[in-house]
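# Understanding the architecture of this molecule
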Amino acid sequence: VFLSLQLFGTIVWILVASTRVPLPLLQGWVMFVAVTAWFLSIVFLSVFLFGYANRIAVNWNQADFIFHGATFVFYFGAFLLQAATTSLHHLPRKFNSTTQESILSGREYNISIAASV
């Protein structure tokens, strides 16, 4: 489970970082969740790989359940914010301009959809 969290967290991190950020507050939270979950899962993985789990008196089943439950809640919130950002792609970037430049280009729109999924 930790390795899949690493893989998908890295993919989200790369996809969100590769787009132009039209709404920094929303996509900043998405990046924060992806980076924090990625880092904490590396910490958990190293605790188990290097055998520190046997030395620390913690209920690791409960800690694992709480970690993945919290990660699910934060990733679901990040999904909602990323999907909301993606759904605004058709709005014009400058409301008082004569050109109709949308918030996200076609390529960035596709990348945002992939990051949402």
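- Looking at an unreviewed UniProt entry, one finds the protein named MAL2 protein, with Donacobius atricapilla as its source organism.
- According to the UniProt record, the Subcellular location (unreviewed entry) comment for the protein is "Membrane".

### Re the layout of surface pockets
- Taken as a whole, the largest pocket holds about 390 Å³ of empty space.
- Along the walls of the largest pocket sit 20 residues, with Tyr75, Phe76, Phe79, Ser116 and Val117 positioned nearest its centre.
- Counting residues per element, the lining of the largest pocket draws most heavily on helix 4 (residues 60–87), at 8 residues.
- Its volume calculated, the second largest pocket comes out at about 160 Å³.
- Every residue along the wall of the second largest pocket is listed here: Trp29, Phe32, Val33, Thr36, Ala37, Leu40, Phe67, Ala70, Thr71, Phe74 and Tyr75.
- For the lining of the second largest pocket, the secondary structure elements donating two or more residues are helix 2 (24–49) and helix 4.
- With 6 residues, helix 2 is the largest single contributor of residues to the lining of the second largest pocket.

### Remarks on the packing of helix 4 against helix 5 (residues 106–116)
- The contact between helix 4 and helix 5 brings their axes to 9 Å, and the two run at 160°. Between helix 4 and helix 5, the crossing angle belongs to the class labelled roughly antiparallel. Read as a crossing pair, helix 4 and helix 5 show a hand that is left-handed. Where helix 4 abuts helix 5, its residues Phe79, Gln82, Ala83 and Thr86 lie against Tyr109, Ser112, Ile113, Ala115 and Ser116.
- The residue inventory of the contact of helix 4 with helix 5, partitioned by class, reads 5 nonpolar, 4 polar and no charged.

### Quick notes on the packing of aromatic side chains
- Counted according to the given criterion, the structure contains 8 aromatic pairs.
- Among the aromatic residues, those joined into a ring-pair cluster are Phe44, Phe48, Trp60 and Phe67.

### Here's the deal with the side chain of Thr71
- Topologically, Thr71 is positioned in helix 4.
- Each residue touching Thr71, except ones within four places of it in the same chain, is listed here: Leu5 and Ala37.

### Things to note about the UniProt feature "transmembrane region" (unreviewed entry) in the protein
- The UniProt record marks residues 28–53 and 65–84 with the feature "transmembrane region" (unreviewed entry), using the residue numbering of this structure.
- Structurally, residues 28–53 comprises 92% helix and 0% strand, and the distance from its first C-alpha atom to its last is 33 Å.
- As a span, residues 65–84 carries 100% helix and 0% strand, and end to end its C-alpha atoms are 29 Å apart.

Thresholds applied
Residues numbered from 1 in each chain as written. Predicted model: local features only at pLDDT ≥ 70, side-chain atom pairs only at ≥ 80, totals over all residues. Heavy atoms only, no water. UniProt positions renumbered as here; feature names shortened; annotations may be inferred. 1 Å grid on protein atoms, 1.4 Å probe; cavity = no way out; pocket = protein on both sides within 12 Å on 5 of 7 lines; lining within 4 Å. Points joined across faces, edges and corners; volume = space filled by probe spheres on them. Helix = DSSP H or I, 4+ residues; strand = E, 2+ residues; numbered from the N terminus. Axes fitted to C-alpha atoms, helices over the stretch in contact; angles between N-to-C directions. Parallel < 35°, antiparallel > 145°, perpendicular 65-115°, else oblique. Left-handed = near helix turned anticlockwise from the far one by under 90°. Contact = heavy atoms within 4.5 Å. Nonpolar A, V, L, I, M, F, W, Y, C, P; charged D, E, K, R; others polar. Phe/Tyr/Trp six-rings, centres within 6.5 Å; stacked < 30°, edge-to-face > 60°.

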